[in-house]
Amino acid sequence: MEPVEALERIAYLLERGREPTYRVKAFRGAAETLRSLSPDDVAALAARGELQSLPGVGEKTSRVIEEALAGEVPAYLRKLEGVVGERVDPRAEALRAALQGDCHVHSDWSDGGSGIAEMAVAARALGHSYIVLTDHSPRLTVAKGLSADRLRRQLDVVAALNESLAPSFRILTGIEVDILEDGSLDQSDDLLSQLDVVVASVHSKLRQDSTGMTARMVRAMSNPLADVLGHCTGRIVVGRGRPESTFDEEAVFGACLEHDKAVEINSRPERLDPPRRLLSRVVEMGVKIAIDTDAHAPGQLEWQYLGCDRAVDCAVDPASVVNTWAADDLVAWAASHEAAA
């Protein structure tokens, strides 16, 4: 294993294991430093014990480099490969294998940690044929939400990337648009209508009373420009946590059913949203589902198996999962919402 490959793999596994960002950056930074040097220069520095003289190379990263140069799989990498992300039962594995893409992915255009191309390449390596790029909308300033002008520029970037990725992979245009307090969507209708898939999520006023939250979400799911309801309760289940938003599930999921929208299973370990009781109701009502990662870094794209685990626990029919479909079929389904309005 080449040193850069080992450092990048460690960074990926740290992301997947929800380790602190500074640890990920340490290994990615060391890999970037090594890319600027020839293999002979790296080997010479290692032989003289001078790897730590390089910018961004410390004790742990230098040890990884030395072990890789010696023809070994670095011990730290072996450890991470053994402990990160225990796999689920065969039914969930089969569902994960059926997924052709991920409908909720962020990049460094908003609050993600990696570029669009890096996210696409990582998804392709996992066997996907597409991702939907869903960076945040303007009012979520804490997440560098995209203004209309920035979103237009992003669409140009995606078009150029798709030329280089074709035909094996495609980046679908999208957004995670905020559902505002009155149920309207935080981006212009003109721009939303140009996107392939729109995920709509609540990020503010999460403690709104149930009546108000219900009306807010029903209005959003009745909007022909929205396609997927993201992390519907907004809960956080790790650390100090955050309680679920309350709403009338029959009304909200009923609006999704009436307008042929999908409810997202958000696979992030700190969300795992919706809770099983609500997901079971979604299944009983016959509402479509999207199993998404809400990934903000390449390693997090593997979290989809967590959503698949919950899906099989709640008897989700794979045929009802919109991202088991090919990209063209997914885009056609999303376009049908506006056409039916």
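Above this text sits the structure in question.
These figures come from a predicted structure and were not determined experimentally. (Residues numbered from 1 in each chain as written. Predicted model: local features only at pLDDT ≥ 70, side-chain atom pairs only at ≥ 80, totals over all residues. Heavy atoms only, no water.)

Caption draft 1: Here's a closer look at the overall build of the protein. For the protein, the helix and strand inventory stands at 14 helices and seven strands. Relative to a compact globule of 341 residues, whose C-alpha radius of gyration would be 20 Å, the protein shows 21 Å and is just as compact. Taking the principal axes of the C-alpha coordinates as reference, the protein spans close to 70 × 40 × 40 Å. Within the protein, contacts between residues at least 6 apart in sequence are counted, and of these 74% link residues at least 24 apart. Summing over all exposed atoms, the protein offers an accessible surface of approximately 14,300 Å²; the carbon and sulfur share of this is 51%. (Helix = DSSP H or I, 4+ residues; strand = E, 2+ residues; numbered from the N terminus. Rg over C-alpha atoms; globule rule 2.2 N^0.38 Å. Contact = heavy atoms within 4.5 Å. Areas by Shrake-Rupley, 256 points an atom, 1.4 Å probe, with all protein chains shown as cover.)

Caption draft 2: Here's a closer look at the environment of Val 158. Mapped onto the secondary structure, Val 158 falls in helix H8 (residues 148-165). The exposure class assigned to Val 158 is buried, which follows from its relative accessible area of 2%. With near-sequence residues (within four places) excluded, Val 158 lies in contact with Ile 116, Leu 133, Ile 171 and Thr 173. (Buried < 20%, exposed > 50% of the residue type's maximum accessible area, 1.4 Å probe, protein only.)

Caption draft 3: Structural detail: the environment of Ala 47. With respect to the helices and strands, Ala 47 occurs in helix H3 (residues 39-47). Considering only alpha carbons, one finds Ala 47 and Leu 69, 22 residues apart in sequence, at a separation of 10.0 Å.

Caption draft 4: Representation of the packing of aromatic side chains within the structure. Applying the stated criterion to the full structure yields three aromatic pairs. Consider the rings of Phe 247 and Phe 253, whose centres lie 6.0 Å apart with planes at 80 degrees: the pair is edge-to-face. Like Phe 247, the residue Phe 253 is buried in the burial classification. Ring centres 5.8 Å apart and planes at 85 degrees place the aromatic pair Trp 325 and Trp 333 in the edge-to-face group. (Phe/Tyr/Trp six-rings, centres within 6.5 Å; stacked < 30°, edge-to-face > 60°.)

Caption draft 5: Broad picture of the nonpolar core. In terms of nonpolar packing, the biggest core is built from 61 residues, with Ile 171, Phe 253 and Ile 291 touching the most fellow members. For Ile 171, the residues in contact, after removing those within four places along its chain, are Ile 116, Ala 120, Ile 131, Leu 133, Val 158, Leu 161, Asn 162 and Leu 165. In terms of nonpolar packing, the next biggest core, distinct from the first, is built from 24 residues, Ala 46, Val 57, Val 64 and Ala 68 among them. (Core = buried A, V, L, I, M, F, W, Y, C linked by side-chain atoms within 4.5 Å.)

Caption draft 6: Here's a closer look at the pattern of salt bridges. If you walk through the whole model with that rule in mind, you get 22 salt bridges. Across the pair Arg 28 and Glu 8 runs a salt bridge, and its minimum N-O distance is 3.1 Å. With Arg 28 in helix H2 (residues 21-35) and Glu 8 in helix H1 (residues 3-16), this pair connects stretches of sequence that are 20 residues apart. For Glu 8, a relative accessible area of 22% gives the class partly exposed. Note that Arg 23 and Glu 19 form a salt bridge whose closest N and O atoms lie 2.7 Å from each other. Given a relative accessible area of 35%, Arg 23 falls into the partly exposed group. For Glu 19, a relative accessible area of 33% translates into the label partly exposed. Three or more residues are tied together by salt bridges with common partners; here these are Glu 8, Glu 15, Arg 28, Glu 32 and Arg 35. (Salt bridge = Lys/Arg side-chain N within 4 Å of Asp/Glu carboxyl O.)

Caption draft 7: Region of the structure containing helix H7 (residues 116-125). Every buried residue belonging to H7 is among Ile 116, Met 119, Ala 120, Ala 122 and Ala 123, and all of these are buried. When H7 is viewed along its axis, its buried side chains cluster within an angular range of 165 degrees and face the same direction. Residues of H7 that are buried in the fold lie against strand E1 (101-105), strand E2 (130-133), H8 and strand E3 (170-178). Of the residues trailing H7, Gly 127 is marked for its positive phi of about 100 degrees. (Arc of directions from axis to C-beta.)

Caption draft 8: Inspection of the pairing of strand E4 (residues 197-201) at higher detail. Summarising burial for E4: five of the five residues are buried, a large majority. Residues of E4 alternate between two faces, with Val 197, Val 199 and Ser 201 on one and Val 198 and Ala 200 on the opposite face, all of them buried. In this sheet, E4 lies alongside E3 in parallel orientation, the contact comprising five bridges. Bridged to Asp 178 within E4 is Ser 201. Here E4 pairs with strand E5 (residues 228-229) via two bridges, running parallel. (Pairing = 2+ DSSP bridges.)

Caption draft 9: Focus on the side chain of Asp 292. By the element assignment, Asp 292 lies in strand E7 (residues 288-292). In this structure, Asp 292 is buried with no salt-bridge partner, the nearest side chain bearing the opposite charge being Arg 96 at 11 Å. Only 3.1 Å separates the side chain of Asp 292 from the backbone nitrogen of Cys 103, close enough to count as a polar contact. The residues touching Asp 292, leaving out its near neighbours within four places in the chain, are Asp 102, Cys 103, His 104, Val 228, Glu 264, Ile 265, Asn 266, Ser 267 and Asn 323. (Lys, Arg positive; Asp, Glu negative; His and termini not counted. Polar contact = N/O pair within 3.5 Å; in protein donor to acceptor, adjacent residues only side chain to side chain.)

Caption draft 10: Inspection of the side chain of His 296 at higher detail. Looking at the element boundaries, His 296 is found in the loop between E7 and helix H13 (304-313). The class of His 296 is buried, set by a relative accessible area of 15%. Here His 296 is in contact with His 106, Asp 111, Gly 112, Gly 113, Ser 114, Met 119, His 136 and Arg 268, once residues within four sequence places are set aside.

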